[in-house]
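Chain residues, written in single-letter form:
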Amino acid sequence: MAEQYEYLRTKFTRRRALVSAGAVAGGLLAGCSGSGSGTGTATRSPSPLSAGSTPTEKVDGAVVTPFGRHLAFGADPKTQMRISWQVPLTVRKPYVRVGLKPWELSRRIEAEVRDLHTPGLEGVRLALDQFYLHAALDGLRPGTTYYYGVGHEGFDPASKERHSTVGSFTTAPARAEKFVFTAFGDQGVTPDALANDKLILGREPAFHLHAGDICYADVTGHGKESDIYDPTAWDLFLKQTETVARTVPWMVTTGNHDMEAWYSPNGYGGQSARFSLPENGFDAKNSPGVYSFTYGNVGIVALDANDVSYEIPANKGYSEGRQTAWLDRRLKELREDEGIDFVVVFFHHCAYSTSTHASDGGVRDAWLPLFTKHQVDLVINGHNHVYERTDAIKNGGVGRPVPIGESTDPTRDGIVYVTAGGAGKSLYSFPSGVKDSYEGKVADRESVDTYHWTKSKNQNPDTVEWSRVRYTGYSFLSVEAEAGPAPRLTVSALAESGKRIDHFEVRRGA
Ligand SMILES: [Fe+2]
């Protein structure tokens, strides 16, 4: 973390200075550690394009309230948790307290400050500094619920007045047992996004996967400095997300709207400032949305499809093949791990979808051979703001029809691809003449006329038979994983109303 912090210190070229305010007392909790060198306050000179307070002012910490708490696992969810939050003004000595009981929290564990500076744009927006705080907890006990509070000089979560801000999280169990995780993409800040969040919270998932297009602060989504961008949308997003992410690890990857060109490298400096994700991908500094973790008997892999997309090529090829080489290695490791029954991969752009953006040939060309080689069990995408689920796909066609309620075996049938892009942003539709809600039939046809993006950025027409279930309302995915002698994934799609609109089962070698 210290290395990353140094990296962040130098990343934002317009940042003024970050002045260490000195270390606070280390944590008492055995095995916990602060995230390093980060306690500090940002100072900067007033600018004609500046907004907000000047950090050189002495702000009373008692009037500054932390918000936007969000959790993320480290690379080992059994022992590692990252706690992140935001403050509207600079604060002194930010910290977390952690404990096994809500009223018995540890001494202060130092937090890291990441000051994200957004340059002003004459006549469009004021310059802005946003202050994100992070604490890395290592050496936690598996399968254990911890309580935590975030604070700073003048704001103590252990005090009676602030104790209502104390949250909790639970580490992954030492041995695989039944659990639920949820997933969606394309959220933004909307009433429907909040409704989905609340429904997700009710599922009590072990973690949530966010397949990108997280906040839509970059409204345009082309990954260019000419995009329309409002960084304050992130303040609203993190407030919205806090309802669930303060207790449920919120594992994000990167969509096209997450390429915020004002922050180097690759437009991902904003994501690195706001989130603390596992740093075990091919290059955590340059590609924070690429990582992997295991929970129980499931291996999860997050990918950055901006690297391979033919449709929106702002970042196409930036990893120079290193991400795909890492994916090959990582899938091999997971398949060789005797404790892992299922491998789930999630990323933004669709490998198989018939809605507005259709399918991205870049994803197919780069990664589908590896998904097949390593028999990936489930692929989750966003990008199209609908729910769409394929049959099991093998060699580009239907390997086996998988109607609602049926079971599929990836070792025999191929892979089911799910587009879960109904998180909250305005919804898409399906090609004209195609029913919104669909189970095995499209009006009176068995196929759909759609297309896929080619390397030359053309839309190559296809007539496909793999589109099995579709839904145009707000929705999310809920996956129940079971271990034991007959391991299985029960994959369900839930509408914003709570109604189950799809479900199927994945078993290997059944
Ligand atoms: Fe997208």
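Just so we're clear, the structure is a prediction, and the values are computed from it rather than from any experiment.

Novice: How would you sum up the pairing of strand 14 (residues 291-295)? Please name residues and give values.
Specialist: With respect to burial, strand 14 is a largely interior element, four of its five residues being buried. As judged from the five bridges shared by strand 14 and strand 15 (residues 298-302), these two strands associate in the antiparallel manner. Its bridge partner lying in strand 15, Phe293 is registered against Ile300.

Novice: Could you give an account of the pattern of salt bridges, with specific residues and numbers?
Specialist: Should the charged atoms of two oppositely charged side chains come close, the side chains can pair. This model, assessed by the stated rule, comprises 20 salt bridges. Notably, a salt bridge pairs Arg335 with Asp377, separated by 2.5 Å at the nearest N-O pair. Here Arg335 is found in helix 5 (residues 322-336), whereas its partner Asp377 is found in the loop between helix 6 (361-373) and strand 18 (378-381), with 42 residues between them in sequence. We classify Asp377 as buried; its relative accessible area is 1%. Between Arg470 and Glu388 there is a salt bridge whose closest N-O contact spans 3.6 Å. Residue Arg470 is located in strand 27 (residues 467-471), and its partner Glu388 is located in strand 19 (residues 387-390); the two are separated by 82 residues in the primary sequence. Here Arg470 matches Glu388 in class, with each residue buried. Look at the salt bridges and you will find they share partners, linking Glu482, Arg488, Glu505 and Arg507 into a network.

Novice: I'd like a rundown of the coordination of the iron ion, residues and numbers included.
Specialist: Protein coordination at the iron ion: the donors are Asp213 (OD), Asn256 (OD1), His348 (NE2) and His383 (ND1), at 2.1 to 2.2 Å from the metal. Relative to the metal, the four donor atoms surrounding the iron ion lie at angles of 87 to 164°, and the coordination shape comes out irregular. Sequence spacing of the donor residues for the iron ion, all on one chain, is D-x42-N-x91-H-x34-H. With Asp213 in the loop between strand 12 (207-210) and helix 3 (233-245) and His348 in the loop between strand 16 (342-346) and strand 17 (359-360), this residue pair connects regions lying 135 residues apart in the sequence. Here Asp213 and His348 have matching classes, each one buried.

Novice: Report on the packing of aromatic side chains, specifying residues and quantitative values.
Specialist: The full count for this structure, using the stated rule, is 22 aromatic pairs. Each ring, one from Phe184 and one from Trp250, has its centre 6.0 Å from the other, and the planes form 80°; the classification is edge-to-face. Linking Phe184 in strand 11 (residues 179-184) with Trp250 in strand 13 (residues 250-252), this pair joins segments that are 66 residues apart in sequence. With relative accessibility at 0%, the residue Phe184 sits in the buried group. One aromatic cluster is present, built from ring pairs that chain together Phe73, Phe179, Phe181, Phe207, Phe293 and Tyr295. When the ring centre of Phe67 is taken as origin, the NZ or CZ atom of Lys239, which lies over that ring, is 5.0 Å away. Directly above the aromatic system of Tyr216 lies the positively charged group of Lys425, at a separation of 4.8 Å from the ring centroid.

Novice: Explain the sheet that holds strand 8 (residues 128-137) to me, and be specific about the residues and the numbers.
Specialist: The pairing of strands in a sheet happens through backbone hydrogen bonds and is either parallel or antiparallel. Across the sheet, which stays open at both edges, the four strands sit in the order 3-4-8-7 with antiparallel pairing between neighbours. In this open sheet, the two edge strands, each paired with only one partner strand, are strand 3 (67-73) and strand 7 (112-118). Between one strand and the next, the sheet's axes are offset by a mean angle of 25°, whatever the strand orientation. Contacts between helix 3 and the sheet are confined to strand 3, strand 4 (81-87) and strand 8, with strand 3 contributing the most and set at about 60° to the helix.

Novice: Lay out helix 2 (residues 191-203) with the relevant residues and their values.
Specialist: When the terminal C-alpha atoms of helix 2 are compared, their 19 Å separation across 13 residues agrees well with the 18 Å that a helix rising 1.5 Å per residue should span. Among all positions of helix 2, only Ala193, Asn196, Asp197 and Ile200 are buried. Projection of helix 2 onto a plane perpendicular to its axis shows the buried side chains occupying an angular sector of 105°, all on one side. Opposite the packed face of helix 2, turned more than 90 degrees from it, sit the exposed residues Pro191, Lys198 and Gly202. Structurally, helix 2 contributes buried residues whose contacts are with strand 11, strand 12, helix 3, strand 13 and strand 28 (475-482). Just beyond helix 2, the residue with positive phi is Glu204, at close to 50°.

Parameters at a glance
Residues numbered from 1 in each chain as written. Predicted model: local features only at pLDDT ≥ 70, side-chain atom pairs only at ≥ 80, totals over all residues. Heavy atoms only, no water. Buried < 20%, exposed > 50% of the residue type's maximum accessible area, 1.4 Å probe, protein only. Helix = DSSP H or I, 4+ residues; strand = E, 2+ residues; numbered from the N terminus. Pairing = 2+ DSSP bridges. Salt bridge = Lys/Arg side-chain N within 4 Å of Asp/Glu carboxyl O. Donors = N, O, S within 2.8 Å, 3.2 Å for Na, K, Ca; no water. Tetrahedral: all angles 85-135°; square planar, octahedral: opposite > 155°, others 65-115°. Phe/Tyr/Trp six-rings, centres within 6.5 Å; stacked < 30°, edge-to-face > 60°. Lys NZ or Arg CZ within 6 Å of the ring centre and 35° of its normal. Axes fitted to C-alpha atoms, helices over the stretch in contact; angles between N-to-C directions. Contact = heavy atoms within 4.5 Å. Expected span 1.5 Å × (residues − 1). Arc of directions from axis to C-beta.

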